[in-house]
Amino acid sequence: MAKKFKKSYTFAIKTSLYLTLFLSGLWTAFSYFSGNFHWWALLGFALVCYTFSFFTTQYRVENFIYKRIKKIYDDVSLLDSSTLNPNQVTTDMASLTREVEKFAENKKLEIETLKVRENYRKEFMGNVSHELKTPLFTVQGYILTLLDGAMKDKTVRKKYLQRASKGVERLIYIVKDLDMITKLETGDLHLYTEDFDIVELIQNTFDLLEMKAAKKNITLTFDMEYQEAIWVRADQERIQQVITNLVVNSIKYGKEGGTTEISIENLIKNKVIVRVTDNGEGIAKDNIPRLFERFYRVDKSGSRKEGGSGLGLSIVKHIIEAHSEKIYVESVFGVGSEFSFTLEKSKEIPKRVLETETTEA
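Parameters and conventions
- Residues numbered from 1 in each chain as written.
- Predicted model: local features only at pLDDT ≥ 70, side-chain atom pairs only at ≥ 80, totals over all residues.
- Heavy atoms only, no water.
- UniProt positions renumbered as here; feature names shortened; annotations may be inferred.
- Helix = DSSP H or I, 4+ residues; strand = E, 2+ residues; numbered from the N terminus.
- Contact = heavy atoms within 4.5 Å.
- Areas by Shrake-Rupley, 256 points an atom, 1.4 Å probe, with all protein chains shown as cover.
- Axes fitted to C-alpha atoms, helices over the stretch in contact; angles between N-to-C directions.
- Parallel < 35°, antiparallel > 145°, perpendicular 65-115°, else oblique.
- Left-handed = near helix turned anticlockwise from the far one by under 90°.
- Nonpolar A, V, L, I, M, F, W, Y, C, P; charged D, E, K, R; others polar.
- Core = buried A, V, L, I, M, F, W, Y, C linked by side-chain atoms within 4.5 Å.
- Buried < 20%, exposed > 50% of the residue type's maximum accessible area, 1.4 Å probe, protein only.
- Phe/Tyr/Trp six-rings, centres within 6.5 Å; stacked < 30°, edge-to-face > 60°.
- Pairing = 2+ DSSP bridges.
- Patch = residues over 30% accessible without salt bridge, like charges linked within 9 Å, V, L, I, M, F, W, Y side chains within 5 Å.
- Salt bridge = Lys/Arg side-chain N within 4 Å of Asp/Glu carboxyl O.

If you look the protein up in an unreviewed UniProt entry, it shows as histidine kinase from Zunongwangia pacifica. Under the heading Catalytic activity (unreviewed entry), UniProt records this for the protein: "ATP + protein L-histidine = ADP + protein N-phospho-L-histidine."

1. A closer look at the overall build of the protein
Counting secondary structure elements, the protein contains eight helices and seven strands. Long-range contacts, defined here as pairs at least 24 residues apart, represent 73% of the contacts in the protein between residues at least 6 apart. Accessible surface computed for the protein: about 24000 Å², of which carbon and sulfur atoms make up 59%.

2. Details of the packing of helix H4 (residues 154-186) against helix H7 (residues 312-322)
Relative orientation and spacing of two packed helices are given, respectively, by the angle between their axes and the distance between those axes. One way to put it is that H4 packs onto H7 with a least axis distance of 10 Å and a crossing angle of 30°. Comparing their axes, H7 and H4 come out roughly parallel. As for how H4 packs across H7, the hand of that crossing is left-handed. On H7, the residues that touch Asp 177, Met 180, Ile 181, Leu 184 and Glu 185 of H4 are Ser 314, Ile 315, His 318 and Ile 319. In the contact of H4 with H7, the residues fall into five nonpolar, two polar and two charged.

3. A short note on the UniProt feature "transmembrane region" (unreviewed entry) in the protein
If you check UniProt for "transmembrane region" (unreviewed entry), the listed places come out as residues 12-33 and 39-61 in our numbering. Secondary structure content for residues 12-33 is 100% helix and 0% strand, while the C-alpha to C-alpha distance between its ends is 32 Å. Regarding residues 39-61, the helix share stands at 100% and the strand share at 0%, and the terminal C-alpha atoms are separated by 32 Å.

4. A look at the nonpolar core
Soluble, globular proteins show a tendency: their nonpolar side chains are buried together. Ranked by size, the top nonpolar core spans 50 residues in total, and within it Ile 198, Ile 202, Ile 239, Ile 243, Ile 264, Phe 341 and Leu 343 carry the most contacts. When sequence neighbours within four positions are dropped, the list of residues in contact with Ile 264 reads Ile 198, Val 199, Ile 202, Phe 222, Asp 223, Tyr 226, Ile 230, Val 272 and Ile 273. By size, the runner-up hydrophobic cluster in this structure holds six residues, among which are Val 139, Ala 150, Tyr 160 and Ala 164.

5. As for the packing of helix H6 (residues 236-252) against H7
Contact geometry for H6 and H7: axes closest at 9 Å, N-to-C directions at 145°. In this structure, the crossing between H6 and H7 has a hand that is left-handed. Residues Arg 238, Ile 239, Gln 241, Val 242, Asn 245, Leu 246 and Asn 249 of H6 form the contact with H7, whose own contacting residues are Gly 312, Leu 313, Ile 315, Val 316, Ile 319 and Ile 320.

6. A few points about H7
For H7, the set of buried residues is Leu 313, Ser 314, Ile 315, Val 316, His 318, Ile 319 and Ile 320. Considering only its buried residues, H7 is in contact with H4, H6, strand S6 (327-332) and strand S7 (336-345). Two residues or fewer past H7, Ser 324 is found with a positive phi of approximately 60°.

7. What about the packing of aromatic side chains?
In this description, an aromatic ring pair is defined by two values, namely the gap between the centres and the angle between the planes. Under the criterion given, the structure shown has five aromatic pairs. Ring geometry for Phe 54 versus Phe 55: centroids 5.4 Å apart, planes at 85°, classification edge-to-face. For Phe 54, a relative accessible area of 18% gives the class buried. Relative to Phe 222, the ring of Phe 206 has its centre 5.4 Å away and its plane inclined at 65°; by these criteria the two rings are edge-to-face. Taken together, the positions of Phe 206 in helix H5 (residues 198-214) and Phe 222 in strand S2 (residues 219-222) put the pair 16 residues apart, joining distant regions of the chain. Across the pair, Phe 222 and Phe 206 agree in class, each one buried. Counting every residue linked through ring pairs, the aromatic cluster contains Phe 206, Phe 222 and Tyr 226.

8. Focus: the pairing of S2
In S2, alternate side chains face the same way, and those of Leu 220 and Phe 222 are buried while those of Thr 219 and Thr 221 on the opposite face are not. Relative to strand S4 (residues 259-268), S2 runs parallel, the two being bridged by four bridges. Paired with Leu 220 across the bridge in S4 is Thr 260.

9. Here we look at a nonpolar patch on the surface
A surface patch of nonpolar side chains, amounting to about 370 Å² of accessible area, comprises Leu 19, Phe 22, Leu 23 and Leu 26. A residue is classified by how much of its surface remains accessible, and Leu 19, at 39% relative accessible area, is partly exposed.

Now the structure itself:
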């Protein structure tokens, strides 16, 4: 009940009391010295004085102060068209106070959000320029060397053009990844969901990356032999990209003669979880929370010997989240890492598969 009591009433009561006490004191002094003092006259005067003071003060607060604050609020709210709502017309100080407080909280939140975005923008621009300048300067260096006379030597010309071509390929790779992650974040990249065998998809990925893994003598394997297909429902092309990025990452930071193992397990009735485990370098605990940030690298030296755009894990995270699924990471530095993500099971085996099995039978 006390909370609902208007603050303007409290102000009017206190103000009226102070005025009544002061004026009653003057009345008492005047009556006493004039020899015409009566208690009933003092009480009547005090009652009339208090009533008049209370209503006058309350009226002035509600109209004079309220109107000016309302005008300030209306002027400020013009800065944000979303606040121009006919339902926001107020008729008392309490409602206006709530609106002003809500307006201030919203603006404070907007300012804080803008600050975070500004810091993110600055960091992003710095990362983009850092990633692009190395291949750009490399390509520029080779081209300038050729223009300065090296072009006349066929051997040098071919070698430098090949190196410049690799630099251009790296630029294209970074730009494509940037374009994809931008589409994923803005929702412009639409997913084509279908039923497919996740075991077959992983095996195809192993086949594609077999030569890359062989360079470091890394074995790509399942945790067991899967005799039957495991059907899931997702965007097959994007999930293959997820698995490819995770496997490439495990090869990139894996140890010579190591292993990258993938397992598929039932999580709940309609979900499976895919785990990609390696026994590579592992990740320090402090770096794990930032792993999925764009351009974030665990290697603080800034070495680019392993290549990549620095966007692989960020793309993985966005693709999985676009499927409304979850991705997890566990790692022990010097022991290895495990990336896992969930997928929705297919509700039924695709008709084309059943037709094929029937024909073969």
